[in-house]
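Descriptive structure summary
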Amino acid sequence: GGKLGERVSALRGAAFSCELVLPQARPWSPDCPALYAVEVCVSEPGSSRVLDIARERFGIRTLAWSARGLFVNGCETLLRGGCIHHDNGPLGACSFAEAERRRVAKLKSLGFNALRMAHNPASGALLDACDELGMFVLDEAWDTWMSPKSAHDYAGEFLDHFDADLSRMVRRDYNHPSVIMYSIGNEVADPIATRGLEVERLMVRLVHALDQTRPVTCGFNLTMMVMEKLGSGWYADADEGKAAGEAAPANDAPRGSLLFNLS
């Protein structure tokens, strides 16, 4: 871990605990998305002066996983879902509560019970809609680690910020009962190398230090990993050495993001 490991340890932070009693509380589930609200006031010691107020909504449910499967509230649960991206079609990248609720409601009406947030942290409005309507969430952090997929993407900042960014996502989303799993990457090739495995272990350790109640997964693509090992990345548009606006040779077959978009 070295310095990166020290940063992960430092980000665990301090916490305090208290007991909250909810008589006759109902467990949250897709069939019964029961939610509760709590208000926490921080006062100045020895004074009634309120320094800060936090209001949070949450649900109560149990989660267990093993080789036998995934169990929510003690019941074996199969995930029937798909990936959704952060945009809302013609509305663009902005997140509107009404649009997010409409999207989740339509997907649930089609038989979905789970959504994977591809491939970045979901908006608060989207998670709120999943809480309210009863939709399981695979909460994904990002699409890129150290190996770039396009010029000037997050890969150039990853090692400097991944621990703080991942911590913010887990802490923000901790009380959303719809979130049942975290993903630390999508189609990343970095774990083919020792350095990538080291960073992967650090991320898993950080997430579990902040939240021991949910599993951590990652999306791997073996073809991309083999190409990375051979020194030929899948994403041709990640080549920083290309001159700005330089056109590809006419006989070049589309690769990377362009290939996916044309398919």
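Here we summarise the structure given alongside this text. Just so you know, these numbers come straight off a predicted model, no measurement behind them.

1. Quick notes on the overall build of the protein chain
- Each helix and strand in the protein chain was counted, giving seven helices and 10 strands.
- Here the protein chain holds 263 residues, and 35% of them are scored as buried.
- When contacts within the protein chain are restricted to residue pairs at least 6 apart in sequence, those whose partners lie at least 24 apart make up 65%.
- Surface accessibility of the protein chain: about 15,300 Å² in total, with carbon and sulfur atoms responsible for 56%.

2. Thoughts on the pattern of salt bridges
- This model, assessed by the stated rule, comprises 12 salt bridges.
- A salt bridge links K149 to D143; the nearest nitrogen and oxygen atoms lie 3.0 Å apart.
- One salt bridge in this structure joins R168 and D165, with 3.0 Å as the shortest N-O distance. Highlighted residues: R168 and D165, both in helix 4 (residues 158–173), separated by three residues, approximately one helical turn.
- For D165, a relative accessible area of 27% corresponds to the partly exposed category.
- Look at the salt bridges and you will find they share partners, linking R57, R101, D128 and E132 into a network.

3. Quick notes on the sheet that holds strand 9 (residues 179–183)
- Here five strands make up an open sheet; going across it, the order is 6-7-8-9-10 and the pairing parallel. Strands at the two margins of the open sheet, each flanked by one partner only, are strand 6 (81–84) and strand 10 (216–217).
- One ladder, built from four bridges, connects strand 8 (residues 136–140) with strand 9; its direction is parallel. Residue pairing across strands places E140 opposite S183, the latter belonging to strand 9.
- Taken strand by strand, helix 3 (residues 124–133) contacts strand 6, strand 7 (114–117), strand 8 and strand 9, and its axis lies near 165 degrees from that of strand 7.

4. Quick notes on the side chain of K149
- By secondary structure assignment, the location of K149 is in the loop between strand 8 and helix 4.
- A distance of 2.8 Å separates the side chain of K149 from the backbone oxygen of N186, its partner in a polar contact.

5. Here we look at a nonpolar patch on the surface
- On the surface, a cluster of nonpolar side chains totalling about 230 Å² of accessible area is made up of L20, L22 and I60.
- Within the secondary structure layout, I60 lies in the loop between strand 2 (50–58) and strand 3 (63–66).

6. Observations regarding the packing of aromatic side chains
- Under the criterion given, the structure shown has seven aromatic pairs.
- When the centroid spacing of 6.2 Å and the interplanar angle of 35 degrees are considered together, the rings of Y36 and F58 count as tilted. One end of the pair, Y36, is in strand 1 (residues 36–43); the other, F58, is in strand 2, with 22 residues separating them in the sequence.
- The class for F58 is buried, based on a relative accessible area of 12%.
- Ring geometry for W145 versus F158: centroids 6.3 Å apart, planes at 15 degrees, classification stacked.

7. Quick notes on unusual backbone geometry
- Cis geometry is found at the peptide bond from A118 to H119, where omega equals -10 degrees.
- For H119, the location among the structural elements is in the loop between strand 7 and helix 3.
- Positive phi is not limited to glycine here, since N73 has a value of about 55 degrees.
- Note that N73 resides in the loop between strand 4 (69–72) and strand 5 (75–76).
- Given a relative accessible area of 25%, N73 falls into the partly exposed group.
- Backbone geometry at E187 places phi at a positive 45 degrees, although glycine is not the residue there.
- Tracing the backbone shows E187 in the loop between strand 9 and helix 5 (194–210).

8. Digging into the pairing of strand 6
- Strand direction decides the pairing type here: strand 6 and strand 7, joined by four bridges, are parallel. When the bridges of strand 7 are listed, C83 appears paired with R116.

Calculation rules
Residues numbered from 1 in each chain as written. Predicted model: local features only at pLDDT ≥ 70, side-chain atom pairs only at ≥ 80, totals over all residues. Heavy atoms only, no water. Helix = DSSP H or I, 4+ residues; strand = E, 2+ residues; numbered from the N terminus. Buried < 20%, exposed > 50% of the residue type's maximum accessible area, 1.4 Å probe, protein only. Contact = heavy atoms within 4.5 Å. Areas by Shrake-Rupley, 256 points an atom, 1.4 Å probe, with all protein chains shown as cover. Salt bridge = Lys/Arg side-chain N within 4 Å of Asp/Glu carboxyl O. Pairing = 2+ DSSP bridges. Axes fitted to C-alpha atoms, helices over the stretch in contact; angles between N-to-C directions. Polar contact = N/O pair within 3.5 Å; in protein donor to acceptor, adjacent residues only side chain to side chain. Patch = residues over 30% accessible without salt bridge, like charges linked within 9 Å, V, L, I, M, F, W, Y side chains within 5 Å. Phe/Tyr/Trp six-rings, centres within 6.5 Å; stacked < 30°, edge-to-face > 60°.

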